[in-house]
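Geometric and topological summary
Now for the letters of each chain:
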Amino acid sequence: MDLSWDGMAYHQPASILISKGWNPYDINELKYFIDEVNSKYGGGIGGFPNSIWIASYPKGAWEIASIFISVGFKLDYAKMLATSLSFVGLVLVYIYSRLRKFGVKLSFAVAALTVYSPVVISQIGTYYVDALLALMLIVFIFGYLCYEKTRVKLFLLYPFFMSTLIPSIKFTGLVYLF
């Protein structure tokens, strides 16, 4: 259950409203979003002038969560992206460690310590996006490292997909890609 202010004030309501047809890219619909959040979800995000910053947020996490909501998953399942990415990250770091000739136990330990940082542990069950960004960067980096070590082109799919998702989760993620 997400008890974070950001999660409950606008991330979760935005995901719900997108699943019901709200267009987050239309600045004219921002007032509708604010009114809905304040009245239905108790967000308390204030009036239009004070919350214009919401319009500039990347909407990727909201859109992905809204897909889970739209197909009928429970609201908390909409946060499955972070959990899924953590498993993908674990596998990629483990594979790379084994390719580097680490033992099985050491490879698993390296993978767990790499993936489950304090940020990821504290945010994996919330709508915060920093854990998503960290996990996507891990998948990006270790997907590429596995490709470099094996030349198996399938591994290039990870950096490709992450490079398209990272900017839609958090704009500052672009800095890490270049």
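Below or above, wherever it landed, is the structure these notes cover. (Residues numbered from 1 in each chain as written. Predicted model: local features only at pLDDT ≥ 70, side-chain atom pairs only at ≥ 80, totals over all residues. Heavy atoms only, no water.)

So, about a nonpolar patch on the surface. The grouping of V152, L154, L157, F160 and F161 at the surface amounts to a nonpolar patch, some 480 Å² of accessible area in total. In this fold, L157 is placed in helix α8 (residues 157-169). What makes L157 partly exposed here is its relative accessible area of 39%. (Patch = residues over 30% accessible without salt bridge, like charges linked within 9 Å, V, L, I, M, F, W, Y side chains within 5 Å. Areas by Shrake-Rupley, 256 points an atom, 1.4 Å probe, with all protein chains shown as cover. Salt bridge = Lys/Arg side-chain N within 4 Å of Asp/Glu carboxyl O. Helix = DSSP H or I, 4+ residues; strand = E, 2+ residues; numbered from the N terminus. Buried < 20%, exposed > 50% of the residue type's maximum accessible area, 1.4 Å probe, protein only.)

Here we come to the nonpolar core. With 35 residues, the main nonpolar core has L85, L132, M136 and I166 as its most contacted residues. Those elements that provide at least two residues to this core are α3 (60-70), α4 (80-99), α5 (104-115), α7 (130-150) and α8. Here the element with the most residues in this core is α7; it accounts for eleven residues. Residue contacts for L85: discarding those within four places in its chain leaves L132, L135, M136, V139 and M162. Membership of the second largest hydrophobic core comes to eleven residues, among which are Y10, I18, W22 and W62. (Core = buried A, V, L, I, M, F, W, Y, C linked by side-chain atoms within 4.5 Å. Contact = heavy atoms within 4.5 Å.)

In this structure, the largest pocket spans a volume of roughly 190 Å³. What lines the largest pocket is a set of 14 residues, and nearest its centre among them are H11, Y57, V129, I169 and K170. Of all the secondary structure elements, the ones that give two or more residues to the lining of the largest pocket are α1 (5-19) and α3. In terms of residue count, the dominant contributor to the lining of the largest pocket is α1 (three residues). (1 Å grid on protein atoms, 1.4 Å probe; cavity = no way out; pocket = protein on both sides within 12 Å on 5 of 7 lines; lining within 4 Å. Points joined across faces, edges and corners; volume = space filled by probe spheres on them.)

Across its 21 residues, α7 extends 30 Å between first and last C-alpha, which sits within 8% of the 30 Å expected from 1.5 Å per residue. Every buried residue belonging to α7 is among A131, L132, L133, L135, M136, L137, I138, V139, F142, G143, C146 and Y147, and all of these are buried. The secondary structure elements touched by the buried residues of α7 are α3, α4, α5, α6 (118-123), α8 and α9 (173-177). One or two steps after α7, the chain reaches R151, where phi turns positive at roughly 60 degrees. (Expected span 1.5 Å × (residues − 1).)

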